[in-house]
Amino acid sequence: FDMFVLAFVERLFRPTYKKDDLVLGKKLGEGSFGSVYRASLAKKPSSKDGGDLVLKRASEYGAVEIWMNERVRRACANSCADFLYGFLETSSTKGSEYWLLWRFEGKATLADLMQSKDFPYNVETMILGKVQDLPKGLERENRIIQTIMRQLLFALDGLHSTGIVHRDIKPQNVIFSEGSRIFKIIDLGAAADLRVGINYIPKEFLLDPRYAAPEQYIMSTQTPSAPSAPVATALSPVLWQLNLPDRFDIYSAGLIFLQMAFPSLRTDSSLIQFNRQLKRCDYDLAAWRKSTEPRASPDLRRGFELLDLDDGVGWELLTSMVRYKARQRISAKAALAHPYFDREGLLALSFMQ
Ligand code: ADP
Ligand code: MG
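Residues numbered from 1 in each chain as written. Chains lettered and ligands numbered in written order. Predicted model: local features only at pLDDT ≥ 70, side-chain atom pairs only at ≥ 80, totals over all residues. Heavy atoms only, no water.

Participant: Got a sec to walk through the pattern of salt bridges? Specific residues and values, please.
Facilitator: As enumerated under the stated definition, the model contains 22 salt bridges in all. Look at the salt bridges and you will find they share partners, linking Asp168, Lys170, Asp208, Arg210 and Asp268 into a network. (Salt bridge = Lys/Arg side-chain N within 4 Å of Asp/Glu carboxyl O.)

Participant: Hey, could you go over the environment of glutamate 305 for me, with residue numbers and the actual values?
Facilitator: With respect to the helices, strands and loops of the structure, glutamate 305 is situated in helix α10 (residues 298-321). The partly exposed category is assigned to glutamate 305, whose relative accessible area is 46%. The sequence separation of glutamate 305 and leucine 138 amounts to 167 residues, and the corresponding C-alpha distance is 7.8 Å. (Helix = DSSP H or I, 4+ residues; strand = E, 2+ residues; numbered from the N terminus. Buried < 20%, exposed > 50% of the residue type's maximum accessible area, 1.4 Å probe, protein only.)

Participant: An account of unusual backbone geometry is requested, with residue identities and associated values reported.
Facilitator: Note on backbone geometry: most residues besides glycine have negative phi, and most peptide bonds are trans. At the junction of phenylalanine 119 and proline 120, the peptide bond is cis and its omega measures out at 5° in the coordinates. Within the element layout of this structure, proline 120 appears in the loop between α3 (110-115) and α4 (121-128). Located in the positive-phi region is aspartate 282, a residue other than glycine, with phi close to 55°. Along the chain, the position of aspartate 282 falls in the loop between α8 (268-280) and α9 (285-292). Take aspartate 282: its relative accessible area is 62%, and that puts it in the exposed class. In this model, aspartate 311 sits at a positive phi of 60°, which is unusual for a non-glycine residue. Its place among the elements puts aspartate 311 in helix α10. Residue aspartate 311 is classed as exposed on the basis of its relative accessible area of 82%.

Participant: Before we move on, could you go through the layout of surface pockets and cite the residues and values that matter?
Facilitator: Space inside the largest pocket adds up to approximately 1100 Å³. Looking at the largest pocket, it is lined by 40 residues, and the ones nearest its centre are Val36, Lys56, Asn173, Ile186 and Asp187. At the level of elements, β1 (22-31), β2 (34-41), β3 (53-58), α2 (62-75) and β5 (95-103) are the ones that each hand at least two residues to the lining of the largest pocket. Ranked by residues supplied to the lining of the largest pocket, first place goes to β1 with five residues. Here the lining of the largest pocket is built from residues that sort into 15 nonpolar, ten polar and 15 charged. (1 Å grid on protein atoms, 1.4 Å probe; cavity = no way out; pocket = protein on both sides within 12 Å on 5 of 7 lines; lining within 4 Å. Points joined across faces, edges and corners; volume = space filled by probe spheres on them. Nonpolar A, V, L, I, M, F, W, Y, C, P; charged D, E, K, R; others polar.)

Participant: Break down the site of ligand 1 for me, with residues and values.
Facilitator: Around ligand 1 sit 17 residues, and of these Lys56, Arg103, Glu105, Asn173 and Asp187 come closest. Contact distances for ligand 1 include 3.1 Å between an oxygen atom and a side-chain N or O atom of lysine 56. Here an oxygen atom of ligand 1 sits 3.3 Å away from a polar atom, N or O, in the main chain of glutamine 172. Protein chains bury 83% of the 540 Å² of accessible surface belonging to ligand 1 in isolation. Judged by the fraction of its atoms near the pocket grid, ligand 1 is located in the largest pocket. Of all the elements in the fold, those that place two or more residues in the shell around ligand 1 are β1, β3 and β5. Its residues assigned to classes, the shell around ligand 1 comprises eight nonpolar, five polar and four charged. (Near = heavy atom within 4 Å. Polar contact = N/O pair within 3.5 Å; in protein donor to acceptor, adjacent residues only side chain to side chain. Areas by Shrake-Rupley, 256 points an atom, 1.4 Å probe, with all protein chains shown as cover. Sits in = over half its atoms within 2 Å of the grid points.)

The structure is reproduced here in structure tokens:
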């Protein structure tokens, strides 16, 4: 009851917005379910690049995305981009659209940053504040990748503990927040809230095949085939335990880890090729390694070397995330406690002494 009152009061005193308050700037993205723009308030238009807000104009699925963002705001605010407000905008010409507003977190997604030849060094000062005293090389790269993975898993743990599965985890949906100097998750357009029971997969909805786990359709038995509106299905925590839908995101996060370790797997085409190879190995990463390592390019070999540092803790973590069976994949919370991240804690301690 208290939580309900708090949520109500919070909404009552939060600023609300309407169409006329906003000036649209540069277009940032165009998906099949909506368009995303930079925006600013009409009262204080921003001079640079188009404003300090982000606006998504979405179709009917926008309703679910507003629901997810509201829940994240209250339950795990730091996991995702800072959501401000969502409303239904009805115009005489365009029909109805949902408008969603966030704070503009920063210019770069993890996908943008990973495209740079300089990755992960281009991220180093962004997340660690200063350049490390280590020489450029595997150890230093590994340290930066560890930090990114820890932030991504932390954000995922927040979502999963709230009962939300994202279902579209990929570098394009991970943004660097310049204000808080951490990576946050964006785009809850495909997310499912399984504890409260908002679980909606439009029939035509396609999961991004580049990052999707092999099970493809999580909780498929509970998913209605072609609903016309968000459908509530009462799913208990017991069902959550049985189906482990959160492990879908873990697989995707594992593929991001893989791409960070292996520069040659960062392009779409090489990732698609990797997926094909892994499928041929029955999704057994160890088997994939066995088949590729003997004839691996220097670049690929370097990736294995990075993951083999510290007795192979990195490789161990990667193989616990990218597994065929959802129930054999590590959870976000367990991954955060994995020795891969201990090592960094120990090193940080030794630096402080
Ligand atoms: P979709 O993928 O459905 O088009 P997203 O929510 O992923 O929509 O947003 C599209 C793009 O807009 C993102 O890839 C990112 O570049 C940018 N973007 C979205 N939200 C923010 C935000 N809060 N701050 C800065 N950029 C954002
Ligand atoms: Mg997106």
